[in-house]
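# Per-entry structural report
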Amino acid sequence: MAKIQIFVFAALCLASVALAKVPDFVVEGRVYCDTCRAGFETNVTEYIEGAKVRLECKHFVNGKIEHVVEGITDKTGTYKVAMKDNHEEEICEVALVESPLSSCSEIIPGRDRARVTLAEDTGITSHNRYANPLGYLTNQPLAICDALMAMFKLEDDE
């Protein structure tokens, strides 16, 4: 009887270890409206609720999309997207899909996607990953932006 109990205990331990090996990564980031058309976040940046993002993982050799998960930002402009499994042979990026604001829907080159590592063997102990902010440009800069850019010494040289 004791041998059966030991066997069952060992089997349960092995099963729990096998199940624990499948990580659930959570990728978190923010989507913003560049209200000054500065190309980066400022102290008058507004974060967008309801923006759609897509987490894509492509095979690093052939570029074929292997996994896709979409998400939507909350009232703080933050999204959280979950992705199962280890993606050590894939390149994963979060990309902008759609802005709910017609007045702020122009994609900022270089701010439209952010690469994230979704592999266990990176030395990162947590399964939470934080992507760089993604941004859209407003159609019309705020009136305060000229003074703000002057403060940053980034005004136009015209």
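Here the structure is a predicted model, which means the values were calculated and not measured. In this numbering scheme, every chain counts its residues from 1 along its sequence in written order. In view of the model being predicted, local features appear only for residues whose pLDDT reaches at least 70, and side-chain atom pairs are presented and counted only at 80 or more, with totals across whole chains, interfaces and linings using the full set of residues. Heavy atoms throughout the structure, all of them, feed into the side-chain values; hydrogens and water do not.

A word on the pairing of strand β1 (residues 24-34). Any two strands between which DSSP finds at least two bridges are classified as paired. Counting from the N terminus, the helices are the DSSP runs of H or I reaching at least four residues and the strands are the DSSP runs of E reaching at least two. As paired elements, β1 and strand β5 (residues 78-84) share 7 bridges and run antiparallel to each other. Residue pairing for β5: Val 27 is matched across the bridge by Val 81. With 3 bridges connecting them, β1 and strand β9 (residues 128-130) associate as parallel partners. Across the sheet, Glu 28 pairs through a bridge with Tyr 130, a residue of β9. In this sheet, strand β10 (residues 134-137) lies alongside β1 in parallel orientation, the contact comprising 4 bridges. Among the inter-strand pairings, Asp 34 is bridged to a residue of β10, identified as Leu 137. As defined by bridge partners, β1 adjoins strand β2 (residues 46-47) across 2 bridges and the pair is classed as antiparallel. Within the sheet, the bridge partner assigned to Cys 33 lies in β2 and is Glu 46.

Right, let's get into the nonpolar core. Only buried residues count toward a nonpolar core, which is a set of Ala, Val, Leu, Ile, Met, Phe, Trp, Tyr and Cys residues joined through side-chain atoms within 4.5 Å. Note on exposure labels: buried denotes an accessible area under 20% of the residue type's maximum, exposed denotes more than 50%, and partly exposed covers the range between, all computed with a 1.4 Å probe on protein chains only. Ranked by size, the top nonpolar core spans 22 residues in total, and within it Val 31, Leu 55, Tyr 79 and Leu 118 carry the most contacts. Those elements that provide at least two residues to this core are β1, β3 (52-59), β5, β6 (90-98), β8 (113-116) and β10. Sort the elements by how many residues they give to this core and β1 lands first, with 4 residues. Not counting chain neighbours up to four residues away, the residues in contact with Leu 55 comprise Val 27, His 67, Val 68, Val 69, Val 81, Met 83, Cys 92, Glu 93, Val 94, Val 116 and Leu 118. If you look at the next biggest cluster of nonpolar residues, it comprises 5 residues, including Cys 36, Val 44, Cys 145 and Leu 148. Contacts between residues were defined by any pair of non-hydrogen atoms, one from each residue, lying within 4.5 Å.

Along the chain, Lys 80 falls in strand β5. Distance in space between the C-alpha atoms of Lys 80 and Glu 70 is 9.5 Å, their sequence separation being 10 residues. Beyond its immediate stretch of four places on either side in the chain, Lys 80 contacts Val 26, Val 27 and Glu 28.

In space, the 4 strands of this open sheet follow the order β4-β3-β6-β8, with antiparallel pairing throughout. Single-partner strands in this sheet number two, and they are β4 (65-72) and β8. Ignoring which end each strand starts from, the neighbouring axes of this sheet average 20° apart. In terms of strand pairing, β3 meets β6 through 8 bridges, oriented antiparallel. Bridge pairing in β6 links Lys 52 to Glu 98. The axes are straight lines fitted to the C-alpha atoms, using for helices just the contacting stretch, and the angles between their N-to-C directions are given from 0 to 180°.

Turning to the environment of Asn 43, a few remarks are in order. Tracing the backbone shows Asn 43 in the loop between β1 and β2. Along the backbone, Asn 43 and Leu 148 are 105 residues apart, and their C-alpha atoms lie at a distance of 8.7 Å.

A pairing counts as a salt bridge when a side-chain nitrogen of Lys or Arg comes within 4 Å of a carboxyl oxygen of Asp or Glu. Within the structure shown, the criterion is met by 9 salt bridges. Glu 106 is the partner of Arg 37 in a salt bridge, and the nearest nitrogen-oxygen pair spans 3.1 Å. With Arg 37 in the loop between β1 and β2 and Glu 106 in strand β7 (residues 106-107), this residue pair connects regions lying 69 residues apart in the sequence. Judged by its relative accessible area of 38%, Glu 106 is partly exposed. The partner of Lys 52 in a salt bridge is Glu 98, with the nearest N and O atoms 3.6 Å apart. Note that Lys 52 is positioned in strand β3 and Glu 98 in strand β6, a separation of 46 residues in sequence. We classify Glu 98 as partly exposed; its relative accessible area is 42%.

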